[in-house]
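Remarks on the overall topology
Now for the letters of each chain:
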Amino acid sequence: MGFKTLDTRIYAICGILAVLVMSVDVIIGIILDPTWNFNDNVICDLGVSDDATIATSFLISCCASGILFIISSMMWMSKDSKLMKMTGIFTILSGISLMAVGILDKTTDPVHQFMVIIYATLFIIAIAFACIEDIKKHNHTLVFGFAILAVYGVISLFGVFPYILTQFLLMSYVFVWYLLKCIGEFNPSTESLRRIIGLD
């Protein structure tokens, strides 16, 4: 009962869609917005694009992905592991924060910037709990990637790397991590993948 009443695959599909919806929208928005460039803009600038369609699409994708992340978090909440339940709780909070990022666009700065930081921080904490669980299972592949990201993040605090590069790397790691975990949950027969990403 409880969180296990729905098939895990449904939660996994929601997680996969959460990643794809946001990623595809950002990529298409960057391609179609003639004023957006890597030297002067950040991802959230799509939410205040002069093109109303791009701006609206960014808002919708943030809200849709946020809801999908919240639904998919039930997959982690259904686990017996307390660490994975914590991953689920923080995924829910990050999903809510992502929705706020879209609704409170850059016209609301500094509130918007605060929500971006909260969203990223909550998702990283969610991954950290899962990484601890992976370490307990002696699965270190995704943990190694998390460690590299952590070192990069600390260095970036000193302004060594462009902010947009940091933003893209963070988004890419978080989304790839979530995508791999959800694919593994969706298809339990992929034993090698599940072993690598710490699901067995």
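Everything below is about the structure shown above.
Please read all numbers here as calculations on a predicted model, not as lab measurements.

This part is about the overall build of the protein chain. For the protein chain, the helix and strand inventory stands at eight helices and zero strands. Mapped from its N terminus to its C terminus, the protein chain presents α and β elements in the order α-α-α-α-α-α-α-α. Out of the 200 residues belonging to the protein chain, those deemed buried represent 46%. Long-range contacts, defined as pairs at least 24 residues apart, comprise 64% of the intrachain contacts of the protein chain with a sequence gap of at least 6. Counting every atom, the protein chain has about 10,200 Å² of accessible surface; 74% of that belongs to carbon and sulfur.

It is worth spelling out helix α2 (residues 52–72) at this point. Between its first and last C-alpha atoms α2 spans 30 Å; for 21 residues at 1.5 Å apiece the expected length is 30 Å, and the two agree. Along α2, the residues classified as buried are Ile54, Ala55, Phe58, Ser61, Cys62, Cys63, Ser65, Gly66, Leu68, Phe69 and Ser72. Those residues of α2 hidden inside the fold are in contact with α1 (8–32), α3 (74–77), α4 (82–103), α5 (111–136) and α7 (163–186).

Before going further, it helps to spend a moment on the packing of α2 against α4. Look at α2 against α4: their axes get within 8 Å of each other, and the N-to-C directions meet at 170 degrees. Judged by the inter-axis angle, α2 sits roughly antiparallel to α4. Across the interface between the two elements, Leu59, Cys62, Cys63, Ser65, Gly66, Ile67, Phe69 and Ile70 of α2 pack against Thr91, Ile92, Gly95, Ile96, Leu98, Met99, Gly102 and Ile103 of α4. Across the contact of α2 with α4, the residue classes break down as eleven nonpolar, five polar and no charged.

This paragraph deals with unusual backbone geometry. Across the junction of Asp109 and Pro110, the peptide omega takes the value 10 degrees, indicating a cis bond. Note on placement: Pro110 falls in the loop between α4 and α5.

Below, the discussion takes up the pattern of salt bridges. Taken as a whole and judged by the stated rule, the model has three salt bridges. Residue Lys106 is joined to Asp45 by a salt bridge in which the shortest nitrogen-to-oxygen separation is 2.8 Å. Placement of Lys106 in the loop between α4 and α5 and of Asp45 in the loop between α1 and α2 is noted, with a sequence separation of 61 residues between them. Residues Lys79 and Glu185 are paired through a salt bridge, measuring 2.7 Å at the closest nitrogen-oxygen approach. Placement of the pair is Lys79 in the loop between α3 and α4 and Glu185 in helix α7, with a sequence separation of 106 residues.

Thresholds, definitions, all that
- Residues numbered from 1 in each chain as written.
- Predicted model: local features only at pLDDT ≥ 70, side-chain atom pairs only at ≥ 80, totals over all residues.
- Heavy atoms only, no water.
- Helix = DSSP H or I, 4+ residues; strand = E, 2+ residues; numbered from the N terminus.
- Buried < 20%, exposed > 50% of the residue type's maximum accessible area, 1.4 Å probe, protein only.
- Contact = heavy atoms within 4.5 Å.
- Areas by Shrake-Rupley, 256 points an atom, 1.4 Å probe, with all protein chains shown as cover.
- Expected span 1.5 Å × (residues − 1).
- Axes fitted to C-alpha atoms, helices over the stretch in contact; angles between N-to-C directions.
- Parallel < 35°, antiparallel > 145°, perpendicular 65-115°, else oblique.
- Nonpolar A, V, L, I, M, F, W, Y, C, P; charged D, E, K, R; others polar.
- Salt bridge = Lys/Arg side-chain N within 4 Å of Asp/Glu carboxyl O.

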